[in-house]
Amino acid sequence: MLNKKTTAILAAGTLAFGLVACGDSSDSGADAASGSDSAEIGNVILANGSEPQNPLIPGNTNETGGGRIVDEIFAGLVYYDADGEVHNDLAESIELEGDKTYRVKLKDAKWSDGSAVTAEDFVKAWNYTVANSLLASYFFEPILGYEEGVEEMEGLKVEDDKTFTIELAQPEADFPTRLGYSAYFPMHPSAYDDIDAYGESPISNGPYKLVEWNHNQDATVVPNEEYAGEREPQNDGVTWVFYAQQDAAYADLLAGNLDVLDAIPDSAFSTYEDELGDRAVNQPAAIFQSFTVGESVPHFSGEEGKLRRKAISMAINREEITSTIFEGTRTPATDFTSPVIPGHTDSLEGAEVLEYNPEEAKRLWAEAEEIAPFEGEFTISYNADGGHQAWVDAVANSIRNTLGIEATGNAYPDFKSLRDDVTNRTIDGAFRTGWQADYPSLGNFLGPLYGTGAGSNDGDYSNEEFDKLLSEAANAGDIDAASESYNQAQEILLEDLPAIPLWYANVNGGSADTVDNVVFSWKSMPVYTQITKQ
């Protein structure tokens, strides 16, 4: 949501991820993993997580710390299975009328307090997200009448308690696919009485309901007895333990004090598959990792900025870093998306800027120096609780050794503090970014991160031609035609480099012998509802 998403993963995302910041074990985290409180609840699955950046409001959650919880306690119109296939969840039907209007009919469904989920619950939540410019408001841009801060979008009409219509401003090839993303979840009518209080203790309509959130320590969900959908939990709940370091989480997994881990620390890359055996996971996932240099950073705008961005990109030896630091669990990036997404290509025009070429990097940097001399140091900010120091140091060393400039990592103690400074635009330098897909589309990696004004556009990039191609892709008649436009848009990104692509991530995780039926999805998350505890 990588910034997804800026994934805290590595998240965004993620990833907004961003992407994912997978947690570590402060002393309190370790106690939470093995203490008696969780055991008293029953067969609760113990999994790694990270402190959510914000209260658990679907339209204001774009990182994986909060995202993994929101996805379990809310249900939308559709959901994605482990392979990324779309299934109806609360929607009885979603039918296209004409070329840009969808009629949605709801199944009988209830909130965890026993009240009915209605069409108004969806429409009001979507309008609220846009009216209050929440982080996910960009996802509603296709709807007729969308405008930043508008109170109500004219394209949303409630017909009765079970029916509403969605009229788009133009046809969108993948719009129904998007509806499983958390931005499109409904909220209970009581949410608007005190939105922050609701975010601390939401009324659920998903497979689970939140029963406890100990900030900076852990969060626990238990099955929601009112949920009647297909994602019925096969366990007594999930406790996400917020670790401060991934090494501590992995140690707990080996000791049986943690059931499931979705991020192996780099210190264990060479050993974890032997140590976990058939409970180890190393499979492709929809995760893209990068670092971003904001448009306002001195020396990184205009023609000088283009030269420096290309020089820095070509100064990074991705092949060496992915083989030595990540032990082959990452693949050097050839674009801004992911190889597991339909329409991906590794032969985009301009992709040579992602190849290690020290001589060309030096030439480009020298050309930029003729415009204005660079002073100071080049920093890459990252969260120390996500296992990122080794690769940040390696990237900084590669840049330093190639360009002869001072390049260093800048560690933040945790993902939330990094994301807060990213959101507030107070970082003067580069910062770790990435994306963990919200839905299986090339456009999901492009529009939210680089579209003008998009909610996860952390670098404030804006290019009119890029935006035009996004619009063409959205208006395409089918996914193949959309992919062609999306890939043309990527070629603009390769010229401007609003972010520096690094590599694609596999999901590297595993489970203890305390649990069975552990499956990791296309977006690298465990399918929590399917896990059973022995």
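It should be emphasised that the depicted structure is a prediction, and the values quoted were computed from it without experimental measurement.

**Topic: the overall build of the protein**
Phase 1 of the analysis: Of regular secondary structure, the protein possesses 16 helices and 19 strands.
Phase 2 of the analysis: Whereas a compact globule of 534 residues would reach a radius of gyration of roughly 24 Å, the protein reaches 22 Å, a difference of no more than 12%.
Phase 3 of the analysis: With the C-alpha coordinates of the protein rotated into their principal frame, the extents come out at 65 × 55 × 40 Å.
Phase 4 of the analysis: Split into buried and exposed, the 534 residues of the protein put 59% on the buried side.
Phase 5 of the analysis: Where the 31 positive side-chain charges of the protein centre and where its 93 negative ones centre are 3 Å apart.

**Observations regarding helix 7 (residues 246-255)**
Phase 1 of the analysis: Residues of helix 7 that are buried include every one of Gln246, Ala249, Tyr250, Asp252 and Leu253, and no others. For helix 7, the arc enclosing every buried residue in end-on projection is 160°, short of the 170-degree limit, so these residues lie on one face.
Phase 2 of the analysis: Of the residues trailing helix 7, Gly256 is marked for its positive phi of about 80°.

**Observations concerning helix 12 (residues 389-403)**
Phase 1 of the analysis: Counted at 1.5 Å a residue, the expected span for helix 12 with its 15 residues is 21 Å, and the 21 Å between its end C-alpha atoms agrees.
Phase 2 of the analysis: One or two residues past the end of helix 12 sits Gly404, with phi positive at roughly 70°.

**Digging into the side chain of Asn235**
Phase 1 of the analysis: Mapping Asn235 onto the fold places it in the loop between strand 9 (218-223) and strand 10 (238-242).
Phase 2 of the analysis: For Asn235, a relative accessible area of 7% gives the class buried.
Phase 3 of the analysis: In terms of polar contacts, Asn235 uses its side chain to reach the backbone amide nitrogen of Gly237, at 3.1 Å.
Phase 4 of the analysis: Engagement of the side chain of Asn235 in a polar contact is seen with the backbone oxygen of Tyr528, the distance being 2.9 Å.
Phase 5 of the analysis: Apart from the residues lying within four places of it in its own chain, the contact partners of Asn235 are Asn43, Ile45, Tyr208, Pro223, Tyr528, Thr529 and Ile531.

**Re the environment of Asp236**
Phase 1 of the analysis: Among the structural elements, Asp236 can be located in the loop between strand 9 and strand 10.
Phase 2 of the analysis: Since its relative accessible area comes to 33%, Asp236 is described here as partly exposed.
Phase 3 of the analysis: Distance in space between the C-alpha atoms of Asp236 and Lys533 is 8.8 Å, their sequence separation being 297 residues.
Phase 4 of the analysis: At 2.9 Å, the side chain of Asp236 and the backbone nitrogen of Asn43 are in polar contact.

**Notes on the UniProt feature "domain: Solute-binding protein family" (unreviewed entry) in the protein**
Phase 1 of the analysis: Summarizing the sequence annotation, UniProt attributes the feature "domain: Solute-binding protein family" (unreviewed entry) to residues 85-456 in the numbering used throughout.
Phase 2 of the analysis: Annotation note: span residues 85-456, helix share 28%, strand share 22%, distance between end C-alpha atoms 25 Å.

**Focus: the nonpolar core**
Phase 1 of the analysis: Within the largest apolar cluster, 149 residues are counted, with the highest numbers of intra-cluster contacts made by Leu77, Trp126, Phe164, Ile166, Phe291, Phe378 and Ile399.
Phase 2 of the analysis: Ranked by residues supplied to this core, first place goes to strand 12 (residues 280-293) with 8 residues.
Phase 3 of the analysis: Two domains each provide a minimum of three residues to this core, namely domain 1 (76-192) and domain 2 (284-506).
Phase 4 of the analysis: With sequence-adjacent residues up to four places away left out, Leu77 is seen in contact with Asn88, Asp89, Leu90, Ala91, Ile94, Val104, Leu106, Phe122, Trp126, Phe164 and Leu179.
Phase 5 of the analysis: With 5 residues, the next largest nonpolar core counts Tyr412, Leu418, Ile427 and Phe431 among its residues.

**Concerning the pattern of salt bridges**
Phase 1 of the analysis: A complete count under the given rule lists 24 salt bridges for this structure.
Phase 2 of the analysis: Beyond isolated ion pairs, a larger network of salt bridges with shared partners links Glu97, Arg103 and Glu159.

**Focus: the domain arrangement of the protein**
Phase 1 of the analysis: Once the domains are mapped, the protein shows domain 1 (76-192) and domain 2 (284-506).
Phase 2 of the analysis: Taking only C-alpha atoms into account, the centre of domain 1 sits 31 Å from that of domain 2.
Phase 3 of the analysis: With 13 residues of domain 1 in contact, the opposing surface of domain 2 contributes 19 residues.
Phase 4 of the analysis: Across the interface of domain 1 and domain 2, roughly 1300 Å² is buried in total on both sides, 60% from carbon and sulfur atoms.
Phase 5 of the analysis: Summed over the three residues of domain 1 that lose the most area to domain 2, namely Tyr138, Ala173 and Asp174, the buried surface amounts to 38% of that side.
Phase 6 of the analysis: On inspection of domain 1 and its partner domain 2, the count reaches 0 salt bridges.
Phase 7 of the analysis: Counting every contact that joins domain 1 to domain 2 gives 4 residue pairs in polar contact (both at pLDDT 80 or more).

**Re the layout of surface pockets**
Phase 1 of the analysis: Of the volumes computed, that of the second largest pocket is approximately 450 Å³.
Phase 2 of the analysis: Lining of the second largest pocket is provided by 19 residues; of these, Tyr138, Glu141, Asp467, Leu470 and Ser471 occupy positions nearest its centre.
Phase 3 of the analysis: Among the elements that make up the lining of the second largest pocket, the one with the highest residue count is helix 15 (residues 464-474) (4 residues).
Phase 4 of the analysis: Built from parts of two domains, the lining of the second largest pocket gets at least three residues from each of domain 1 (76-192) and domain 2 (284-506).

**A short note on the sheet that holds strand 7 (residues 163-167)**
Phase 1 of the analysis: With respect to topology, 4 strands assemble into an open sheet ordered 4-5-7-6, the strand pairing being antiparallel. Each of the sheet's edge strands pairs with one partner strand only, and the pair in question is strand 4 (91-97) and strand 6 (156-160). On average, each strand axis in the sheet is tilted by 20° relative to the strand beside it, whichever way the strands run.
Phase 2 of the analysis: As defined by bridge partners, strand 6 adjoins strand 7 across 4 bridges and the pair is classed as antiparallel. Bridge pairing links Leu156 to Ile166 in strand 7.
Phase 3 of the analysis: Of the strands in this sheet, strand 5 (101-106), strand 6 and strand 7 are in contact with helix 4 (residues 119-131), which crosses strand 6 at around 165°.

What counts and what doesn't
- Residues numbered from 1 in each chain as written.
- Predicted model: local features only at pLDDT ≥ 70, side-chain atom pairs only at ≥ 80, totals over all residues.
- Heavy atoms only, no water.
- Helix = DSSP H or I, 4+ residues; strand = E, 2+ residues; numbered from the N terminus.
- Rg over C-alpha atoms; globule rule 2.2 N^0.38 Å.
- Buried < 20%, exposed > 50% of the residue type's maximum accessible area, 1.4 Å probe, protein only.
- Lys, Arg positive; Asp, Glu negative; His and termini not counted.
- Charge placed at Lys NZ, Arg CZ, Asp CG, Glu CD.
- Arc of directions from axis to C-beta.
- Expected span 1.5 Å × (residues − 1).
- Polar contact = N/O pair within 3.5 Å; in protein donor to acceptor, adjacent residues only side chain to side chain.
- Contact = heavy atoms within 4.5 Å.
- UniProt positions renumbered as here; feature names shortened; annotations may be inferred.
- Core = buried A, V, L, I, M, F, W, Y, C linked by side-chain atoms within 4.5 Å.
- Domains from an automatic or database assignment.
- Salt bridge = Lys/Arg side-chain N within 4 Å of Asp/Glu carboxyl O.
- Buried area = accessible area lost by both parts, 1.4 Å probe.
- 1 Å grid on protein atoms, 1.4 Å probe; cavity = no way out; pocket = protein on both sides within 12 Å on 5 of 7 lines; lining within 4 Å.
- Points joined across faces, edges and corners; volume = space filled by probe spheres on them.
- Pairing = 2+ DSSP bridges.
- Axes fitted to C-alpha atoms, helices over the stretch in contact; angles between N-to-C directions.

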